[in-house]
Amino acid sequence: AQSVAQPEDQVNVAEGNPLTVKCTYSVSGNPYLFWYVQYPNRGLQFLLKYITGDNLVKGSYGFEAEFNKSQTSFHLKKPSALVSDSALYFCAVREPVHTGGGNKLTFGTGTQLKVEL
Amino acid sequence: GAVVSQHPSRVICKSGTSVKIECRSLDFQATTMFWYRQFPKKSLMLMATSNEGSKATYEQGVEKDKFLINHASLTLSTLTVTSAHPEDSSFYICSARDLSSGTYNEQFFGPGTRLTVL
């Protein structure tokens, strides 16, 4: 069964500093990996995804993530954090359809990012 | 871009009543929609997968008679919480799979519905 781990409940960073939100996964075969952001009382907004190809994926709002197969990780990064980046971030994984994973997304427990002045 | 709406955004109801939540894909067709439940400061829990024209597939532990799902068209799925109780209070989020997005079948999420049962 597929699973995702986000080891940090909260990450605090000063505005202007780089940020990293960690994610590791477990899945059969090659994973489809996603990052979503959620603002209070709102649904999830798509940030970026890795399907295949270049291990460094660039997404919305200056975010990027690096797929590392050997470490089974997909950490979210941003070179310079903004206060407006403060939100709840979810990593998610989906198995390819041909492995029987269907279309189910499995989410991590979320990491609250707090960017302070 | 693909937009998914939910209605209502917030609902407060009395214990024992039923509440219907709508999920619509506004600018694309979705044969499959997903219903999630999110508790405060917790991850999303998949409740069921809603397939257009057929019965929904429920995750283990989710009562199908409690959470009725109907997916009557390619743009609309509804979740009805029957005989709601305070423990059903939660944030319910739907997502829709875009047919045109090819193999990767990206999911697009609605803004969520906050249900409070008194």
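Right above here is the structure, for reference.
In this text, all values refer to a predicted model and were calculated from it rather than measured experimentally.

Peer 1: Just give me the short version of the interface of chain A and chain B, but keep the residues and values in it.
Peer 2: Counting residues at the interface gives 21 residues for chain A and 22 residues for chain B. Across the chain A to chain B interface the summed buried area is about 1700 Å²; carbon plus sulfur atoms make up 53%. Linking chain A with chain B are zero salt bridges, by the criterion used here. Counting every contact that joins chain A to chain B gives three residue pairs in polar contact (both at pLDDT 80 or more).

Peer 1: How would you summarise the nonpolar core if you had to cite specific residues and measurements?
Peer 2: Within the largest apolar cluster, 27 residues are counted, with the highest numbers of intra-cluster contacts made by Trp35(A), Leu47(A), Leu48(A), Phe74(A), Leu76(A) and Tyr89(A). Among the secondary structure elements, those contributing two or more residues to this core are strand E2 (10-14), strand E3 (19-21), strand E5 (32-38), strand E6 (44-50), strand E8 (64-68), strand E9 (73-78), strand E10 (87-94) and strand E12 (111-116) of chain A. A total of four residues in this core trace back to one element, the largest contributor, which is E10(A). In this structure, Leu47(A) is in contact with Trp35(A), Tyr36(A), Val37(A), Gly59(A), Ser60(A), Tyr61(A), Phe63(A), Leu76(A) and Tyr89(A), ignoring residues within four places of it in sequence. One finds Val4(B), Met33(B), Leu115(B) and Val117(B) within the second-largest nonpolar core, a separate group that totals 26 residues.

Calculation rules
- Residues numbered from 1 in each chain as written.
- Chains lettered and ligands numbered in written order.
- Predicted model: local features only at pLDDT ≥ 70, side-chain atom pairs only at ≥ 80, totals over all residues.
- Heavy atoms only, no water.
- Contact = heavy atoms within 4.5 Å.
- Buried area = accessible area lost by both parts, 1.4 Å probe.
- Salt bridge = Lys/Arg side-chain N within 4 Å of Asp/Glu carboxyl O.
- Polar contact = N/O pair within 3.5 Å; in protein donor to acceptor, adjacent residues only side chain to side chain.
- Core = buried A, V, L, I, M, F, W, Y, C linked by side-chain atoms within 4.5 Å.
- Buried < 20%, exposed > 50% of the residue type's maximum accessible area, 1.4 Å probe, protein only.
- Helix = DSSP H or I, 4+ residues; strand = E, 2+ residues; numbered from the N terminus.

Treat this as a map of the structure, not an account of what it does.
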